[in-house]
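Observations on the three-dimensional arrangement
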Amino acid sequence: MSEQPETSRLDPVQLSRISEHLEANSAAQSRAGYVVIIRNGTGGEYVKAFGMRDISAGAPMALDTEFRIASLTKPVVSAAVMRLVERGDLRLTDPVVRYLPEFAQMEVGVGLAEDGTLQTEPAKRAITIYDLLTHTAGLGASGQAELPANVVYAKRYAEFFEQESLADASKWIASLPLVFQPGEGWGYSFSLDVLGRIIEVRTGKSVEDALEELVLSPLGMTHTYYNRAGIDRSNLATLYISDADGKLQPFEDAAIDKMRFPMSGGGLISTAGDYMNFLEMMRRRGEVNGEQFLSQASVEAMTRNALPEAMGPIRLELNMMGAGFGLGFGVVSEDRGIQSLLAPGDYFWAGATDTFAFVSPSRDISAVILSQYWPNERTREWDTLYDFADMASAAVVQP
């Protein structure tokens, strides 16, 4: 991990540029609105809300507005797993089948027959908790379209959202072929949902209760909870999508709003303030209120690239900015080339609903931006991520 600077400050001129940019985007309804927090280790802070929480209702965005944070859920659940590892309740090397028997005798897709039938071979070894945390287990979901087994995933992906419980979801995931041999590739996947089920089995509690005890309550994340069908949405920002004319329309049929189970790979609702509590814990290397909430060893494992050179840089449907991956976060790797103003050693992740967060140890800042927008083929869907990574990084002034 990079050494932290002795002092740093936030440049007010650059912060005003961020405000102008986000105000203009909101006014033009490129996005309905945003909430942003940037904080550094010397007490500097930038906290702003822009635009509208709900356009048709005329409801402005507020600092306490709640958002579907999508895959920003993953680092939070990963931290819960690491707390269980620290307690001796789990080991990174534990085979998943020890807790979830449905993952015995996994098959790996290796090719397609002339009639389109998937050909498989047995997995060479068991999937481990480490594999799940690093997305090297071979589970499919996104970013591996060229691999044969993704034909099966493409046909059956919608079934995931129809499961009744996390236990059912785990069994459904295990029923599908792996897209590569465990440990032999990187592929963004359902792995955090499997880890959510392991948390339930190991603790004997629902993942909601376990996450509350392990992470949310200790960090004061009082407005963070799982999205479920039928919940109170009165403070939740409206999720938008672009129509054929490029205009924002409410996305009223989003599968994430109909979940019957706690989707641990992307199901949390949170606020910018709550998520900043989590990021600040990470930036302070696990320390909260003078006590070590998460060990420095765990923080370093979560935020240090764990992938061999041959697996990187990781990729999805976007340019991941020269990234490797740790036990929960994407990591900007010095040897992979920098394609943004993020610095080597910075760690980050993003959510499909236009949410993004990063920590820069070398610049001593934490930053989060939350919006509610569902990307589609008509849009430059990752503008928020790229713009904010550069603009927030540029706001740091070091001696």
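Everything in this summary refers to the structure shown in the same document. (Residues numbered from 1 in each chain as written. Predicted model: local features only at pLDDT ≥ 70, side-chain atom pairs only at ≥ 80, totals over all residues. Heavy atoms only, no water.)

1. So, the overall build of the protein
To be explicit about the condition: The helix count covers DSSP runs of H or I at least four residues long, the strand count covers runs of E at least two residues long, and both are numbered beginning at the N terminus. Only C-alpha atoms enter the radius of gyration, while the globule expectation follows 2.2 Å times N to the 0.38, with N the number of residues. A simple rule labels every residue: compare its accessible area, found with a 1.4 Å probe on the protein chains alone, to the largest value its type can have, and call it buried under 20%, exposed over 50%, or partly exposed in between. Only heavy atoms enter the contact rule, under which two residues are in contact if any of them lie within 4.5 Å.
Looking only at helices and strands, one finds ten helices and 19 strands in the protein. The C-alpha radius of gyration of the protein comes to 20 Å, within 12% of the 21 Å expected for a compact globule of 399 residues. Projecting the C-alpha coordinates of the protein onto the three principal axes gives extents of approximately 60 × 50 × 40 Å. Taken across its 399 residues, the protein has 56% of its residues classed as buried. Once local pairs closer than 6 in sequence are excluded, the contacts in the protein between residues at least 24 apart make up 69%.

2. Things to note about the pattern of salt bridges
We apply this condition: Counted as salt bridges are all cases of a side-chain nitrogen of Lys or Arg within 4 Å of a carboxyl oxygen of Asp or Glu.
Within the structure shown, the criterion is met by 19 salt bridges. With its nearest N and O atoms 2.8 Å apart, the salt bridge here joins Arg 98 to Asp 94. Taking relative accessible area as the criterion, Arg 98 reaches 52% and is therefore assigned exposed. The class for Asp 94 is buried, based on a relative accessible area of 3%. For Arg 197, the salt bridge is made with Glu 200, and the minimal N-O distance between the two is 2.9 Å. Taken together, the residues span about one helical turn, with Arg 197 and Glu 200 both in helix α6 (residues 191–203) at a distance of three residues. Linked through salt bridges whose partners overlap, the residues forming this network are Glu 280, Arg 283, Arg 284, Glu 287 and Asp 364.

3. A look at the sheet that holds strand β8 (residues 225–226)
Condition: In short, DSSP must find at least two bridges between two strands for them to pair.
Taken together, three strands build an open sheet; the order of strands is β5-β11-β8 and the sheet is antiparallel. For this open sheet the edge positions go to β5 (67–68) and β8, each flanked by a neighbour on one side alone.

4. Let's talk about helix α10 (residues 383–393)
Buried within α10 are the following residues: Thr 384, Leu 385, Phe 388, Ala 389, Met 391, Ala 392 and Ser 393. Looking at the packing, one finds that the buried side of α10 touches α1 (12–27), β2 (33–40), β16 (347–351), β17 (355–360), β18 (365–370) and β19 (396–397).

5. Things to note about the packing of helix α2 (residues 73–86) against helix α7 (residues 207–216)
As a reminder, the rule being used: Each axis is a line fitted through C-alpha atoms, taken for helices only over the stretch in contact, and angles between the N-to-C directions span 0 to 180 degrees. Each angle receives one of four descriptions, namely roughly parallel if under 35 degrees, roughly antiparallel if over 145, roughly perpendicular if within 65 to 115, and oblique otherwise. Ten residues, namely Ala, Val, Leu, Ile, Met, Phe, Trp, Tyr, Cys and Pro, are considered nonpolar, four, namely Asp, Glu, Lys and Arg, are considered charged, and the remaining ones, Gly among them, are considered polar.
Running from amino to carboxyl end, α2 crosses α7 at an angle of 80 degrees, the nearest separation of the two axes being 9 Å. Classified by the interaxial angle, the pair formed by α2 and α7 is roughly perpendicular. On α7, the residues that touch Val 76, Val 77, Ala 79, Ala 80, Arg 83 and Leu 84 of α2 are Leu 211, Glu 213, Leu 214, Val 215 and Leu 216. Class assignment for the residues of the contact of α2 with α7 results in nine nonpolar, no polar and two charged.

6. Considerations on the packing of aromatic side chains
Think of a pair of aromatic rings as described by two things: how far the centres are apart, and how the planes are tilted against each other in angle. Here is the rule: Think of it this way: a Phe, Tyr or Trp ring, Trp meaning its six-membered ring, pairs with another when their centres are within 6.5 Å, and the plane angle makes it stacked under 30 degrees, edge-to-face over 60, tilted otherwise. The rule for a charge over a ring is simple: NZ of Lys or CZ of Arg within 6 Å of the ring centre, and within 35 degrees of the ring normal.
Under the criterion given, the structure shown has 20 aromatic pairs. Between the aromatic rings of Phe 160 and Phe 261, the centroid separation amounts to 5.5 Å while the plane-to-plane angle is 90 degrees, which identifies the pairing as edge-to-face. Of this pair, Phe 160 sits in the loop between α4 (150–156) and α5 (166–174) while Phe 261 sits in the loop between β10 (248–250) and β11 (268–270), and the two are 101 residues apart along the sequence. The class of Phe 160 is buried, set by a relative accessible area of 1%. By relative accessible area, which is 0% here, Phe 261 ends up buried. Taken together, a centroid distance of 5.6 Å and an interplanar angle of 80 degrees make the contact between Trp 172 and Phe 190 edge-to-face. Residue Trp 172 is located in helix α5, and its partner Phe 190 is located in the loop between α5 and α6; the two are separated by 18 residues in the primary sequence. Taking relative accessible area as the criterion, Trp 172 reaches 6% and is therefore assigned buried. In this structure an aromatic cluster arises from ring pairing among Trp 186, Tyr 188, Phe 325, Phe 348, Trp 349, Phe 356, Phe 358 and Phe 388. We note Arg 31 situated over the ring of Tyr 373; from NZ or CZ to the ring centre the distance is 3.9 Å.

7. Description of the sheet that holds β17
Read across the open sheet, the eight strands follow the order β4-β3-β2-β18-β17-β16-β15-β14; overall the sheet is antiparallel. Looking at strand neighbours, the two that pair on one side only are β4 (59–60) and β14 (323–325), the edges of this open sheet. The pairing of β16 with β17 spans five bridges and is antiparallel. Bridging across to β17, Phe 348 finds its partner in Phe 358.

8. With respect to helix α8 (residues 272–283)
Counted only if it meets this: Multiplying 1.5 Å by the residue count of a helix minus one yields the expected span of that helix.
The terminal C-alpha atoms of α8, which comprises twelve residues, lie 16 Å apart, in line with the 16 Å expected from a rise of 1.5 Å per residue. Where α8 is concerned, the buried positions are Ala 272, Asp 274, Tyr 275, Met 276, Phe 278, Leu 279, Glu 280, Met 281, Met 282 and Arg 283. At the C-terminal side of α8, Arg 285 shows a positive phi close to 55 degrees.

9. Side note on the side chain of Ser 366
Under the convention used in this document: Polar contacts, as counted here, are pairs of nitrogen or oxygen atoms within 3.5 Å of one another; within protein the pair requires one atom able to donate a hydrogen and one able to accept it, and residues that are adjacent in sequence qualify only if both atoms are side-chain atoms.
Along the chain, Ser 366 falls in strand β18. In this structure the side chain of Ser 366 is engaged in a polar contact, spanning 2.8 Å, whose partner is the side chain of Glu 280. Among all residues touching Ser 366, those that are not within four sequence positions of it are Ile 37, Ile 38, Arg 39, Met 276, Leu 279, Glu 280, Arg 283, Phe 358 and Val 359.

10. Regarding the pairing of β2
Most of β2 sits inside the fold, with seven of its eight residues counted as buried. Pairing geometry for β2 and strand β3 (residues 45–54), over seven bridges, is antiparallel. By the bridge assignment for β3, Val 35 is matched with Ala 49. Between the antiparallel neighbours β2 and β3 lie four residues, among them Gly 43 with a positive phi of about 95 degrees. Pairing analysis gives six bridges linking β2 to β18, with the strands arranged antiparallel. By the bridge assignment for β18, Ile 38 is matched with Ala 367.

11. What about the packing of α1 against α10?
Orientation of α1 relative to α10, taken along the N-to-C sense of each, is 160 degrees, at an axis distance of 9 Å. In terms of axis orientation, α1 runs roughly antiparallel to α10. Side by side, α1 and α10 meet where Gln 14, Arg 17, Ile 18 and His 21 of the first sit next to Asp 387, Met 391 and Ala 392 of the second. When grouped by side-chain class, the residues that make up the contact of α1 with α10 number three nonpolar, two polar and two charged.

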